[in-house]
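# Structural overview
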Amino acid sequence: MPKAYVFTRYGGPETEALVEVDLPRPGPGQVLVAVRAAGVNPVDWKLRTGFRRPGESGEREFPAVLGSEVSGVVEETGEGVTGFAAGDEVFGNTAAGGYAEYTLLPAALTAHKPAGLSHTDAATLPVAAATAYDGVRQLDLPAGATLLVTGAGGGVGSAAVQIARALGLRVVGVASEAKKDFVEALGAVHVPSGPDWAERVRAAAPDGVDGVYDLVGGEVLADAAALLTDRTRLITAGAPPEEVESLGGSRVERARTAAVLAAVADLVVDGSLDPHVTQTFPLARAGEALRTVEEGHARGKVVIEVAI
């Protein structure tokens, strides 16, 4: 029986386990994929604690497989699926968790993996990079404009910086002092986070900022809003809708399409976007991979690689 890394109830790391599971069967509109790599994201541990995604309803069945994004090889397609066949290399958002030897992907959220893209890099794109892409496109700033990214050293933030730079934007990135070299290597002007960070942004961008992509929320989001004259150019993936709307901004509108996945894959292939995978772990050490992200020690992306 195939293995998967699951959580058995809501709670902390003590709820996690590597177990044997039944082989998933693809339903209508789904593809069964033999996983080669799975991305690790903060939302994974948040779901384990009981967090619900916006619009999510119904009771979660346990054990629940952790993970939200994978790259792998199609084993079987469900009823009504076109454009995919057994043996195709694909990547996408999961319908049944990603820390596993096999999982299900909705065909509508699955894209063909380019030959020049590794499974390890492809597995990082459906969540962080796609969120970054959607947000930068939503802001629709003209070339030469200045974009402020808070949380610029994280998975979404680092991708947003690179995508914005590829579109000709000047980027100011707020991140810890420890991530200064990393953020500057991405092409952003680094501003240290912490008390009075907004004043440091004003010094770094004396002509002001034209848009804000927030990935932190709370007081940071409020302080970032004060830097804008046009609050419609304020978006967040780090705060709930009511919090950002009260400031005149909005949440990132996720497209969640295969076309977006293909677009970010092309950015990696042409060199505009580096996923910055800094650590990989085998499936047997999935818990260690998740701890690295949960405890805030990750710099760049963490990926679980599944042996063939």
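For the structure, see preceding data.
Keep in mind the model is a prediction, meaning the values are calculated, not measured.

Looking now at the sheet that holds strand β14 (residues 250-251). In spatial order, the strands read β11-β10-β9-β12-β13-β14; together these six strands make up an open sheet with parallel pairing. Across the chains shown, the open sheet's two edge strands, defined by having one partner strand only, are β11 (189-192) and β14. Pairing analysis gives four bridges linking strand β10 (residues 170-175) to β11, with the strands arranged parallel. Note on β11: the bridge partner recorded for G173 is H190. Its contacts with the sheet place helix α4 (residues 155-166) against β9 (146-150), β10 and β12 (211-214), and it is angled at close to 165 degrees to β10.

Along β12, one buried face is formed by G211 and Y213 and the opposite face, lined by V212 and D214, is buried too. When β9 meets β12, the two strands line up parallel, connected through three bridges. Residue pairing for β12: V149 is matched across the bridge by Y213. Bridge count between β12 and strand β13 (residues 234-236): three bridges; the pairing is parallel. Among the inter-strand pairings, V212 is bridged to a residue of β13, identified as L234. You can see the chain leave β12, run along helix α7 (residues 218-225) and come back into β13, and the turn it takes is right-handed.

What counts and how
Residues numbered from 1 in each chain as written. Predicted model: local features only at pLDDT ≥ 70, side-chain atom pairs only at ≥ 80, totals over all residues. Heavy atoms only, no water. Pairing = 2+ DSSP bridges. Helix = DSSP H or I, 4+ residues; strand = E, 2+ residues; numbered from the N terminus. Contact = heavy atoms within 4.5 Å. Axes fitted to C-alpha atoms, helices over the stretch in contact; angles between N-to-C directions. Buried < 20%, exposed > 50% of the residue type's maximum accessible area, 1.4 Å probe, protein only. Right-handed = clockwise from strand over helix to strand, strands pointing away.

As far as function goes, none of this settles anything; it's purely spatial.
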